[in-house]
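Chain residues, written in single-letter form:
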Amino acid sequence: MSDEPERLELWCAGEEWCPITATARLVGKKWHPVIVHRLLVNGPLGFNALQEEVDGISSKVLSDSLEDLEGKRLVNREIVSEKPVRVEYSLTETGESLRPVIFAMRDWGNEHLVPAEDPDSAIA
């Protein structure tokens, strides 16, 4: 087994900005960076605990997002054989490697963004 992290295969046109757009496609959906952030901060979580951590997300959207992140090999889904049986979500090594990206997004947002007083005037 190699010490290098797993490399994900994504189609790209080959321009120099390609790695940026490819990475954005992995975590660019509305809830994906939040889910990754909550798993980075809290470690493995069950579905209900993760939903509590991601305030405002519906069960359906969380389920679809986790399935998408699992398909992109960023999240592991593990069945924990306890009574009752439950599912636990954690980040893969590749998902963990997003730590500096996700924290840089958080830090940039903390420095440059303020909550909108009028929800209709928020940045789309």
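Anything mentioned here points back to the structure above.
To start, this report covers the structure provided alongside it. Within every chain, residues take consecutive numbers counted from 1 along the sequence as written. Given that this is a predicted model, residues contribute local features only at a pLDDT of at least 70 and side-chain atom pairs are listed and counted only at 80 or more, while totals for whole chains, interfaces and linings are drawn from all residues. To obtain the side-chain values, all non-hydrogen atoms of the structure were included, while hydrogens and water were left out.

### So, the pairing of strand S3 (residues 86-91)
- Pairing analysis gives two bridges linking strand S1 (residues 45-46) to S3, with the strands arranged antiparallel. Its bridge partner lying in S3, Leu45 is registered against Tyr89.
- The antiparallel hairpin formed by strand S2 (residues 75-80) and S3 contains five residues in its connecting segment. If DSSP finds at least two bridges between two strands, the strands pair. Where helices and strands are cited, they refer to DSSP runs of H or I of at least four residues and of E of at least two residues respectively, numbered from the N terminus.

### Comments concerning the nonpolar core
- In plain words, nonpolar cores are sets of buried Ala, Val, Leu, Ile, Met, Phe, Trp, Tyr and Cys residues tied together by side-chain atoms within 4.5 Å. Relative accessibility under 20% of the residue-type maximum defines a buried residue, over 50% an exposed one, and the middle range a partly exposed one, all with a 1.4 Å probe and only protein chains included. Ranked by size, the top nonpolar core spans 21 residues in total, and within it Ile35, Val36, Leu39, Leu50, Leu66 and Val75 carry the most contacts.
- Secondary structure elements with two or more residues in this core: helix H1 (18-27), helix H2 (32-42), helix H4 (59-71), S3 and helix H6 (99-112).
- Residue contributions to this core peak at four residues, all from H2.

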